[in-house]
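Residue-level structure breakdown
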Amino acid sequence: MVTTRREHKWLRYALGRSLWPDLLSALAAVVGVVALADYVIAYLAGALTSANIAFAIIASASVVLSVVLIWRGRASYVRKANAKLNATLATKIASDLKIELPSDYRTSGYELVGGKHGFGFWSRYTTSQLFRKSGAKELSGTIRIRAGKFTGREDLRRSIGARNAVNAIRSQTLFRNDRKIRLRSNLLKATWSGGNVELQETDYLASRISNDISFQTISLRNAALDSPDEATTEVLYDGLSFFLKTKAEGREFRGYCDTDCSNQIGVSTLAFTSDGYLLLVDQLSGGLESAELIAPSGSGSLDWEDLPSDPDGKDFWTWITQAAKRELREELGLCHYSLSLLERIRHRHKVRWMKSLSIEPALIGIGGLMHRGGKPDLFFLAKLDCTVDDIRRYSVYGAEEKFLSQRCGLDAAKKLTDWTPQSVQELVGRNTTDRDSFPLELCFLMLLELCQTCPGELQSFLED
């Protein structure tokens, strides 16, 4: 099997192998080629000497030896790295453990709920309160940046992390180790009214070797590296302790202040057009999360570049709302800055329309994806100042979004008959399927809760 350059990068990383040996060998080969060129020039000029011949012989040997060393070196580390990755085992463990939320979460109304494709927690009380406060512009919280970068454990990065990266590359699934934002605070009531929200830099790989290996035992079978007669298995991670602590009556979620998970901040938004259509997204097989499932209108983890310049001291809730709008635009093909320069020129009339489009989001809840180590997600409801025909006419997807997702078909089942809560409830019922991702299920739960507790405010938001 041909190994690509991207695979070589991760295979070297798995062994902690430096690129310098290959570079030095390549340098020796280049020097040899230059020396051979000197021999050819001397030969053509009729000025060949015994020194030129001797030097050419040495140069030829240098080139051959360098090529052999590079080839053998690569073959050796590819073999060893593949053996290590094949010896890395991920064994699923039961997720039906007795798990409790901390007392301050329970006091805020948070409860665990199960779904078709995951389980996690949310709060009815928090949903209604955040929706009202978001509409009244009463939310305030201060961003505090924690020094350093959370990368997770190095042994897991070089084993299960490298294996996941190589497998993603071989299966042509997107795997890019972007800089991400880690949540370090519990977003309880104190953070709604001027409290601090601590954030820290992390990366995508850190999430893959912490949150995304929850409920999996990660072990290394050393026999694949040493002698099969001396087989030993070393457990690297038990699948639970990063985000759960053991108590006498079971396990308890550790929250976001005391955790060994990456906890990248995610956002999920349900969007309606001005003519009453609910926009949903089909996640394609190119993504690692929720592949082949139906997702909210905009759903994803935020990048470090989404933070404002000099973020320390800025308002958290204002920033997260703007970040959710950006994610929503990308997922719906309404984000002009995700297009290449050539595409912007080609679709300049559509770009002008995208810039003029108004999106009004409101925060409707906070949840945690427990099947992914409690990964935090913030949920929004948005109204777009355009019709569904405008979306069809002016949307243009960037290269990455074409690979990851596509907008679901728009039919009568996704259209509100009117703006009343009763119509919203009927629409949710018509669009609930076995393919709903867990973030979409939480979005629907929160929307139904607003129909019960904030019917007037919800109708007013959708009508305006």
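This text goes with the structure placed above it.
The present account deals with the structure reproduced in this document. Values in this document were obtained by computation on a predicted structure and should not be read as measured data.

Counting its secondary structure elements, the protein contains 15 helices and 19 strands. Taken across its 464 residues, the protein has 52% of its residues classed as buried. Of all intrachain contacts in the protein linking residues separated by at least 6 positions in sequence, the fraction that spans at least 24 positions is 75%. Accessible surface, the protein as shown: approximately 21,100 Å² in total, 54% of it carbon and sulfur. Here the protein contributes 59 positively and 55 negatively charged side chains, and the mean placements of these two sets differ by 5 Å.

Another aspect to go through is the pattern of salt bridges. Here the structure, examined in full by the defined rule, presents 32 salt bridges. Linking Lys-116 and Glu-441 is a salt bridge whose minimum nitrogen-to-oxygen distance equals 3.3 Å. Taken together, the positions of Lys-116 in the loop between strand 3 (110–115) and strand 4 (118–123) and Glu-441 in helix 14 (residues 438–453) put the pair 325 residues apart, joining distant regions of the chain. Glu-441 gets classed as buried once you look at its relative accessible area, which sits at 12%.

Attention shifts here to the sheet that holds strand 1 (residues 88–92). Judged by pairing direction, the sheet is antiparallel, and its three strands sit side by side in the order 1-8-9 without closing on themselves. This sheet does not close on itself; its edge strands, each paired only once, are strand 1 and strand 9 (233–237). Averaged over all adjacent pairs, the angle separating strand axes in this sheet is 30 degrees, with direction ignored. Sitting on the sheet, helix 6 (residues 154–170) touches strand 1, strand 8 (216–221) and strand 9, and the angle it makes with strand 1 is about 75 degrees.

What follows covers the packing of helix 13 (residues 421–430) against helix 14. Helix-helix packing: each pair is described by the crossing angle between the helix axes and the interaxial distance. Orientation of helix 13 relative to helix 14, taken along the N-to-C sense of each, is 155 degrees, at an axis distance of 9 Å. When the axis of helix 13 is compared with that of helix 14, the two are roughly antiparallel. Crossing geometry of helix 13 relative to helix 14 is assigned as left-handed. Together, Pro-421, Val-424, Gln-425 and Val-428 of helix 13 and Phe-444, Leu-447, Leu-448, Cys-451 and Gln-452 of helix 14 make up the contact between the two elements. In the contact of helix 13 with helix 14, the residues fall into seven nonpolar, two polar and no charged.

Glancing now at helix 5 (residues 124–135). An α-helix turns once per 3.6 residues; consequently, residues spaced three or four apart project the same way. Here helix 5 spans 17 Å end to end across twelve residues, near enough to the 16 Å set by a 1.5 Å rise per residue. For helix 5, every residue scored as buried is listed here: Thr-126, Thr-127, Ser-128, Leu-130, Phe-131, Lys-133 and Ser-134. Against strand 3, strand 4, strand 17 (359–369), helix 14 and helix 15 (455–463) lie the buried residues of helix 5. Capping the start of helix 5, Ser-123 holds a side-chain oxygen 3.4 Å from the backbone nitrogen of Tyr-125, two or three residues further along. Looking one or two places after helix 5, you find Lys-137, whose phi comes out positive at around 55 degrees.

Attention now goes to the pairing of strand 6 (residues 179–183). Side-chain positions along a regular strand alternate between the two faces of the sheet. Most of strand 6 is tucked away, with four of its five residues classed as buried. Summarising the sheet, strand 6 and strand 7 (residues 193–203) pair through five bridges and their orientation is antiparallel. Each residue of the ladder has a partner; that of Arg-179, found in strand 7, is Asp-203.

Across soluble globular proteins, you tend to see nonpolar side chains buried next to one another. Formed by 64 residues in total, the largest nonpolar core has its most connected members in Leu-199, Phe-316, Trp-317, Trp-319, Ile-320 and Leu-378. Those residues in contact with Trp-319 that lie beyond four places of it in its chain are Ile-143, Ile-181, Leu-199, Leu-302, Asp-306, Leu-307 and Pro-308. Counting residues in each nonpolar core, the second largest holds 31 residues, with Leu-270, Leu-381, Cys-443 and Phe-461 among its members.

Moving on: the layout of surface pockets. In this structure, the second largest pocket occupies an estimated 470 Å³ of space. Those elements giving two or more residues to the lining of the second largest pocket turn out to be helix 5, helix 8 (316–332), strand 17 and helix 15. Residue composition of the lining of the second largest pocket, by class: eight nonpolar, six polar and nine charged.

What follows concerns the state of the cysteines. Chemically, a disulfide is nothing more than a covalent bond linking the sulfur atoms of two cysteines. Counting across every chain of the model gives zero disulfides. No disulfide involves Cys-386; its nearest neighbouring cysteine sulfur is the one of Cys-335, lying 15 Å away.

The geometry of helix 1 (residues 5–15) relative to helix 6 is characterised by a closest axis approach of 9 Å and an angle of 160 degrees between their N-to-C directions. As judged from the angle between their axes, helix 1 and helix 6 are roughly antiparallel. As helix 1 packs across helix 6, the resulting crossing turns out to be left-handed. Counting all contacts with helix 1, which are made through Arg-6, Glu-7, Trp-10, Leu-11, Tyr-13 and Ala-14, the residues of helix 6 involved are Glu-154, Arg-157, Arg-158, Ala-162, Ala-165, Val-166, Ile-169 and Arg-170. Here the contact of helix 1 with helix 6 is built from residues that sort into eight nonpolar, no polar and six charged.

Procedures and definitions
Residues numbered from 1 in each chain as written. Predicted model: local features only at pLDDT ≥ 70, side-chain atom pairs only at ≥ 80, totals over all residues. Heavy atoms only, no water. Helix = DSSP H or I, 4+ residues; strand = E, 2+ residues; numbered from the N terminus. Buried < 20%, exposed > 50% of the residue type's maximum accessible area, 1.4 Å probe, protein only. Contact = heavy atoms within 4.5 Å. Areas by Shrake-Rupley, 256 points an atom, 1.4 Å probe, with all protein chains shown as cover. Lys, Arg positive; Asp, Glu negative; His and termini not counted. Charge placed at Lys NZ, Arg CZ, Asp CG, Glu CD. Salt bridge = Lys/Arg side-chain N within 4 Å of Asp/Glu carboxyl O. Pairing = 2+ DSSP bridges. Axes fitted to C-alpha atoms, helices over the stretch in contact; angles between N-to-C directions. Parallel < 35°, antiparallel > 145°, perpendicular 65-115°, else oblique. Left-handed = near helix turned anticlockwise from the far one by under 90°. Nonpolar A, V, L, I, M, F, W, Y, C, P; charged D, E, K, R; others polar. Expected span 1.5 Å × (residues − 1). Polar contact = N/O pair within 3.5 Å; in protein donor to acceptor, adjacent residues only side chain to side chain. Core = buried A, V, L, I, M, F, W, Y, C linked by side-chain atoms within 4.5 Å. 1 Å grid on protein atoms, 1.4 Å probe; cavity = no way out; pocket = protein on both sides within 12 Å on 5 of 7 lines; lining within 4 Å. Points joined across faces, edges and corners; volume = space filled by probe spheres on them. Disulfide = S-S within 2.5 Å.

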